[in-house]
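Structural characterization, general
In case you want the letters, here they are:
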Amino acid sequence: MVSDGGCIFCKIVNGEIPSSKVYEDEDALVILDISPINKGHSLVLSKEHYKDIYDTPEELLLKLAGITKKVSLATKKSLACDGINIVQNNERPSGQLVFHIHFHIIPRFSHDGIRFDTNRKKYEGTEMKEFAEKINISIQK
Ligand SMILES: [Zn+2]
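Quick look at the structure, then. For clarity, every value in this text was computed on a predicted model and none was experimentally measured.

If you tally the helices and strands in the protein chain, you get 3 helices and 5 strands. Put simply, the protein chain runs from its N terminus to its C terminus through helices and strands in the order α-β-β-β-α-β-β-α. Its C-alpha atoms give the protein chain principal-axis dimensions of about 55 × 40 × 25 Å. With 141 residues in all, the protein chain has 20% of them scored as buried. Restricting the contact set of the protein chain to residue pairs at least 6 apart, pairs at least 24 apart contribute 57%.

Next comes the structure, spelled out in structure tokens:
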């Protein structure tokens, strides 16, 4: 896909904007997030511009997932963190701010006080079965 001229991640991939590079190969670039949730928080970017998980080819997603694992292990080893969150946001209501596919790798520490969990909802009656069926029917076979 042709890069969107205004995309900040494309500018980073093209070297027009500097970044703290963690890893690079022919398909992906991993950089540090400039405003980290914890220090060492990195972003796995595809080199080609895709907006989100919906329009990214599956083969590329698998590649990005493999790199996410590799960098997660290296983050754990090098920072001695106690855990890692992998976060991938799609569209504005989910918290996506840069519309170029990326995975967050967030190192976590036992008492870092960061919380991603919010108040969980409760299913009523047969709702849970209905939601599962609704999504299942829409899966592209
Ligand atoms: Zn882009």
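Further notes follow.
So, on to helix H3 (residues 127-138). With 12 residues, H3 extends 17 Å from end C-alpha to end C-alpha; this agrees with the ideal 16 Å at 1.5 Å per step. Along H3, only 0 of the 12 residues are buried, which leaves the element largely exposed.

What follows covers the nonpolar core. For soluble globular proteins, nonpolar side chains are generally found buried alongside one another. Counting 17 residues, the largest nonpolar core has Ala28, Leu29, Val30, Val44, Leu45, Ile67 and Ile105 as the members making the most contacts within it. Every element with two or more residues in this core is listed here: helix H1 (8-13), strand E2 (28-32), strand E3 (42-46), helix H2 (58-79) and strand E5 (102-108). If you tally residues by element for this core, the top one is E2, at 4 residues.

Among the 7 residues in E5, 5 count as buried, and that is most of the element. The pairing of E3 with E5 spans 4 bridges and is classified as antiparallel. Bridged to leucine 43 within E5 is histidine 104. Relative to E5, strand E4 (residues 83-87) runs antiparallel, the two sharing 5 bridges. Across the sheet, residue glycine 83 finds its bridge partner in E5, namely arginine 108.

The subject of this paragraph is the environment of aspartate 82. Secondary-structure assignment places aspartate 82 in the loop between H2 and E4. Separated by 25 residues in sequence, aspartate 82 and proline 107 place their C-alpha atoms 7.6 Å apart. When residues no more than four places from it in sequence are discounted, the contact partners of aspartate 82 are Arg108, Phe109 and Ser110.

As summarised here, the arrangement of the 5 strands in space is E1-E2-E3-E5-E4, forming an open sheet in which the pairing is antiparallel. With partners counted over all chains shown, the strands left at the sheet margins are strand E1 (21-24) and E4, one partner each. Averaged over all pairs of adjacent strands, the angle between their axes in this sheet comes to 20 degrees, without regard to strand direction. By the bridge criterion, 5 bridges tie E2 to E3 in an arrangement that is antiparallel. Among the inter-strand pairings, isoleucine 31 is bridged to a residue of E3, identified as leucine 43.

Counting buried positions over the 5 residues of E2 gives 4, a clear majority of the element. Here E1 runs beside E2; their pairing, made up of 3 bridges, is antiparallel. Bridge pairing in E2 places lysine 21 opposite isoleucine 31. Between E1 and E2, which pair antiparallel in sequence order, lie 3 residues.

Phi is positive for alanine 80, which is not a glycine, with a value near 50 degrees. Inspection of the secondary structure puts alanine 80 in the loop between H2 and E4. When the 9 C-beta atoms within 10 Å are taken as the criterion, alanine 80 is described as exposed. Notably, glutamate 91 is not glycine yet its phi reads approximately 75 degrees, a positive angle. Examined against the element boundaries, glutamate 91 turns out to sit in the loop between E4 and E5.

Each value, and the rule that gives it
- Residues numbered from 1 in each chain as written.
- Predicted model: local features only at pLDDT ≥ 70, side-chain atom pairs only at ≥ 80, totals over all residues.
- Helix = DSSP H or I, 4+ residues; strand = E, 2+ residues; numbered from the N terminus.
- Buried ≥ 20, exposed ≤ 12 C-beta atoms within 10 Å, placed from the backbone.
- Contact = placed C-beta atoms within 7 Å.
- Expected span 1.5 Å × (residues − 1).
- Core = buried A, V, L, I, M, F, W, Y, C linked by C-beta atoms within 7 Å.
- Pairing = 2+ DSSP bridges.
- Axes fitted to C-alpha atoms, helices over the stretch in contact; angles between N-to-C directions.

It is worth stressing that arrangement in space is one thing and function is another; only the former is reported here.
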